[in-house]
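Working through the structure, step by step
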Amino acid sequence: QVQLVESGGGSVQAGGSLRLSCAASGSIFPPNVMGWYRQAPGNQRELVAASGTGGTTNYADSVKERFFIFRDNAQNTVHLQMNSLKPEDTGVYYCNFKGLRGLDSWGQGTQVTISS
C-alpha cells in the first residue's frame, strides 16, 4: 500500500495562486503515476494533472498554461502549482498514486476555494 499526505490548499481570490503538495510513503516502485484530481459539489471527480516517473505529464484542458505539476522521485513528492485561479477551480483536490499491479491510492483531500 501507499500512503499519501497532502498539504496546501486554502482560500484565495480569483487571479491568485496556490501550491498543493503530496508526500507518498510505502510500497513505491517505478513506474508509477502521481497526480491530482478534483471534485466540485455535484460533480464527478476529474483529473487535473498527472506526472509519470519518466517525466511525462498530462493536464486537463481547463488548467493548461495555468497549472503546473512537478515531482521529486527521490523524495516521492508531487506538487501542483496553480496560477491564475478561477472560481471554477474550487473543489476538493485529491492526490493520487497509481502503481504496478493495479495499485491505486488516494489522499484525504484538501479544499481549494476561489472567490470572485
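Heads up: the structure comes first, above all this text.
What comes next is a walk through the structure. (Residues numbered from 1 in each chain as written. Predicted model: local features only at pLDDT ≥ 70, side-chain atom pairs only at ≥ 80, totals over all residues. Heavy atoms only, no water.)

All right, on to the overall build of the protein chain then. What the protein chain contains, in helices and strands, is zero helices and eleven strands. In the protein chain, the succession of helices and strands from N to C terminus is β-β-β-β-β-β-β-β-β-β-β. Over its C-alpha atoms the protein chain spans a radius of gyration of 13 Å, differing by no more than 12% from the 13 Å that the globule rule assigns to 116 residues. Dimensions of the protein chain, computed from C-alpha atoms along their principal axes, come out at roughly 40 × 25 × 20 Å. (Helix = DSSP H or I, 4+ residues; strand = E, 2+ residues; numbered from the N terminus. Rg over C-alpha atoms; globule rule 2.2 N^0.38 Å.)

Pairing between sheet strands relies on hydrogen bonds along the backbone, with the strands arranged either parallel or antiparallel. Pairing is antiparallel across the open sheet formed by four strands, whose spatial order is β1-β3-β8-β7. Strands at the two margins of the open sheet, each flanked by one partner only, are β1 (2-8) and β7 (67-72). Across this sheet, the average inter-strand angle for adjacent strands is 15°, counted without regard to direction. In this structure, β1 lies alongside strand β3 (residues 18-26), joined through seven bridges in antiparallel fashion. (Pairing = 2+ DSSP bridges. Axes fitted to C-alpha atoms, helices over the stretch in contact; angles between N-to-C directions.)

Another point: the pairing of strand β11 (residues 110-115). In β11, alternate side chains face the same way, and those of Thr 110, Val 112 and Ile 114 are buried while those of Gln 111, Thr 113 and Ser 115 on the opposite face are not. Pairing geometry for strand β2 (residues 10-13) and β11, over four bridges, is parallel. If you follow Val 12 over to β11, its bridge partner there is Ile 114. Of the pairings in the sheet, the one linking strand β9 (residues 91-98) to β11 comprises three bridges and is antiparallel in character. (Buried < 20%, exposed > 50% of the residue type's maximum accessible area, 1.4 Å probe, protein only.)

So, about the pattern of salt bridges. Overall, the coordinates contain five salt bridges when judged by the stated rule. Among the salt bridges present, the one from Lys 64 reaches Asp 61, with a minimum N-O distance of 3.1 Å. Residue Lys 64 is classed as partly exposed on the basis of its relative accessible area of 43%. Two residues, Asp 89 and Arg 66, come together in a salt bridge whose shortest N-O distance is 2.8 Å. In this pair, Asp 89 sits in the loop between β8 (77-82) and β9 while Arg 66 sits in the loop between β6 (57-59) and β7, placing the two residues 23 residues apart along the sequence. Classification of Asp 89 by relative accessible area gives buried; the value is 1%. (Salt bridge = Lys/Arg side-chain N within 4 Å of Asp/Glu carboxyl O.)

Here we come to the environment of Gly 107. Along the chain, Gly 107 falls in the loop between β10 (104-106) and β11. Separated by 71 residues in sequence, Gly 107 and Trp 36 have C-alpha atoms that sit 9.5 Å apart. With residues up to four places along the chain from it excluded, the contact list for Gly 107 reads Leu 4, Glu 6, Tyr 94 and Cys 95. (Contact = heavy atoms within 4.5 Å.)

Scanning the model with the defined rule gives two aromatic pairs in all. Here Tyr 37 and Trp 106 contribute two aromatic rings whose centre-to-centre distance is 4.9 Å and whose plane-to-plane angle is 65°, an arrangement assigned as edge-to-face. Of this pair, Tyr 37 sits in strand β4 (residues 33-39) while Trp 106 sits in strand β10, and the two are 69 residues apart along the sequence. The partly exposed category is assigned to Trp 106, whose relative accessible area is 34%. Between Tyr 94 and Trp 106, the ring centres sit 6.4 Å apart and the planes meet at 85°, which makes this aromatic pair edge-to-face. Placement of the pair is Tyr 94 in strand β9 and Trp 106 in strand β10, with a sequence separation of twelve residues. (Phe/Tyr/Trp six-rings, centres within 6.5 Å; stacked < 30°, edge-to-face > 60°.)

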